[in-house]
Amino acid sequence: MDTPFPIQILTLFPEFFDSPLKTSLTGKAIDRGHFEVGVSDIRDFATDKHNKCDDLPYGGGAGMVMKPEPLVGALEDAREKLPKAPRILLTPQGEPFDQTIARQLADEPGIILTCGRYEGVDERVRQHWIDRELSIGDYVLTGGEVAAMVVVDAVTRLLPGVLGNQNSVADESFCDDTLEYAQYTRPRSFRGHDVPDVLLSGHHEKIEQWRRENSRRRTEKRRPDLLDE
Ligand code: 6GU
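Definitions and cut-offs
Residues numbered from 1 in each chain as written. Predicted model: local features only at pLDDT ≥ 70, side-chain atom pairs only at ≥ 80, totals over all residues. Heavy atoms only, no water. Helix = DSSP H or I, 4+ residues; strand = E, 2+ residues; numbered from the N terminus. Contact = heavy atoms within 4.5 Å. Areas by Shrake-Rupley, 256 points an atom, 1.4 Å probe, with all protein chains shown as cover. Lys, Arg positive; Asp, Glu negative; His and termini not counted. Charge placed at Lys NZ, Arg CZ, Asp CG, Glu CD. Buried < 20%, exposed > 50% of the residue type's maximum accessible area, 1.4 Å probe, protein only. Pairing = 2+ DSSP bridges. Right-handed = clockwise from strand over helix to strand, strands pointing away. Near = heavy atom within 4 Å. Polar contact = N/O pair within 3.5 Å; in protein donor to acceptor, adjacent residues only side chain to side chain. Nonpolar A, V, L, I, M, F, W, Y, C, P; charged D, E, K, R; others polar. Expected span 1.5 Å × (residues − 1). Domains from an automatic or database assignment. Salt bridge = Lys/Arg side-chain N within 4 Å of Asp/Glu carboxyl O. Core = buried A, V, L, I, M, F, W, Y, C linked by side-chain atoms within 4.5 Å.

Draft legend 1. The arrangement of the overall build of the chain in detail. Secondary structure summary: the chain contains nine helices and nine strands in total. Structurally, the chain occupies a C-alpha span of about 70 × 45 × 35 Å along its principal axes. Considering only residue pairs separated by 6 or more positions, the chain has 76% of its internal contacts joining residues 24 or more positions apart. Surface summary for the chain: the accessible area is close to 13,900 Å², and the carbon and sulfur share equals 49%. One way to put it: in the chain the 29 positive side-chain charges average out to a point 6 Å from where the 40 negative ones average out.

Draft legend 2. Quick peek at the pairing of strand S6 (residues 111-115). The element S6 is largely enclosed, with a buried count of five among its five residues. Residues Ile111, Leu113 and Cys115 of S6 are buried on one face, and the alternating residues Ile112 and Thr114, pointing to the opposite face, are buried as well. Judged from the four bridges that link them, strand S1 (residues 6-11) and S6 form a sheet pairing that is parallel. Bridging across to S6, Ile9 finds its partner in Leu113. The sheet contact formed by strand S5 (residues 87-96) and S6 spans four bridges and is parallel. Looking across to S6, one finds that Leu90 is bridged to Cys115. Handedness of the crossover joining S5 and S6 through helix H4 (residues 99-106): right-handed.

Draft legend 3. Representation of the site of the ligand. Neighbouring the ligand are the residues Leu90, Thr91, Pro92, Leu134, Ser135, Ile136, Gly137, Tyr139, Leu141, Gly143 and Ala147. With respect to the ligand, the backbone of Tyr139 contributes an N or O atom lying 2.6 Å from a nitrogen atom. At 3.1 Å, a backbone N or O of Leu141 approaches a nitrogen atom of the ligand. Those elements giving two or more residues to the shell around the ligand turn out to be S5 and strand S7 (132-135). Residue composition of the shell around the ligand, grouped by class: seven nonpolar, four polar and no charged.

Draft legend 4. Fine view of helix H3 (residues 68-81). Here H3 is 14 residues long and its end C-alpha atoms lie 20 Å apart, about the 20 Å a rise of 1.5 Å per residue gives. Along H3, the residues that are buried comprise Pro70, Leu71, Val72, Gly73, Ala74, Leu75 and Ala78. Buried residues along H3 sit against S1, strand S4 (65-66), S5, S6 and helix H5 (123-129).

Draft legend 5. Summary view of the domain arrangement of the chain. We note that the domain assignment places domain 1 (5-156) and domain 2 (174-228) within the chain. For domain 1 and domain 2, the distance between their C-alpha centroids amounts to 37 Å.

Draft legend 6. View of the pattern of salt bridges. With the rule as written, the count across this model stands at 15 salt bridges. For Glu69, the salt bridge identified is with Lys67, shortest N-O distance 3.6 Å. The class of Glu69 is partly exposed, set by a relative accessible area of 36%. Residues joined by salt bridges that share partners form a network here, namely Glu213, Arg216, Arg217 and Glu220.

Draft legend 7. Expanded view of the nonpolar core. Of all hydrophobic cores here, the largest spans 29 residues; its most connected members are Phe35, Phe97, Leu105 and Leu113. Among the elements of the structure, S1, helix H2 (24-31), S5, H4, S6 and helix H6 (145-156) are those that each provide at least two residues to this core. The dominant element in this core, judged by the number of residues it contributes, is H6, at seven residues.

What follows is the structure, encoded as structure tokens:
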């Protein structure tokens, strides 16, 4: 099946992606043909008889390094499937993934996501077979799988037709570099806590003004770094 946005994920743990890709909006969008996800098991490209994918670091030290042969085999196979898609490595050493990068990637003809594992990836693979390295934040994960799923979610929800209501993309946080305003739904009073009166007033200008103010105040308090820019 050819869709407008093919994604190929390269991983040592293909089963990790079974459930998140079936679930919720992501699963529905795949069923509707808005994008498709292929998962390659890097171990299938191992070249020795034990299917070894990691080895000791030259120079010594703790941990294991992902061997080049299986990774490059998997990357070449992905390239044949998706010749124009950028090859991305998920690694804590990558540039910080944000909404701007999500929008850039949504404009590509598809993406190849390589999940790093262990203490790292042989440097020659990064230098010669990878186009871009991304990190999802300043903390350490056991591998790139969770990060790859974050990228899939953030990018695919920007694809045409994936969200029913395209206004919810245009309207949201990080487009105008402020946090979303507070939201309320029924009941009007819940265990003694009331919805702000202005939201029940039906006065659209006043509601807009309240939301802008609420958004600005929370951004100042929680994320002053967003206002500095
Ligand atoms: Cl992409 N990988 C790992 N292992 N840890 C991370 C990360 C990626 N992004 C933040 N921490």
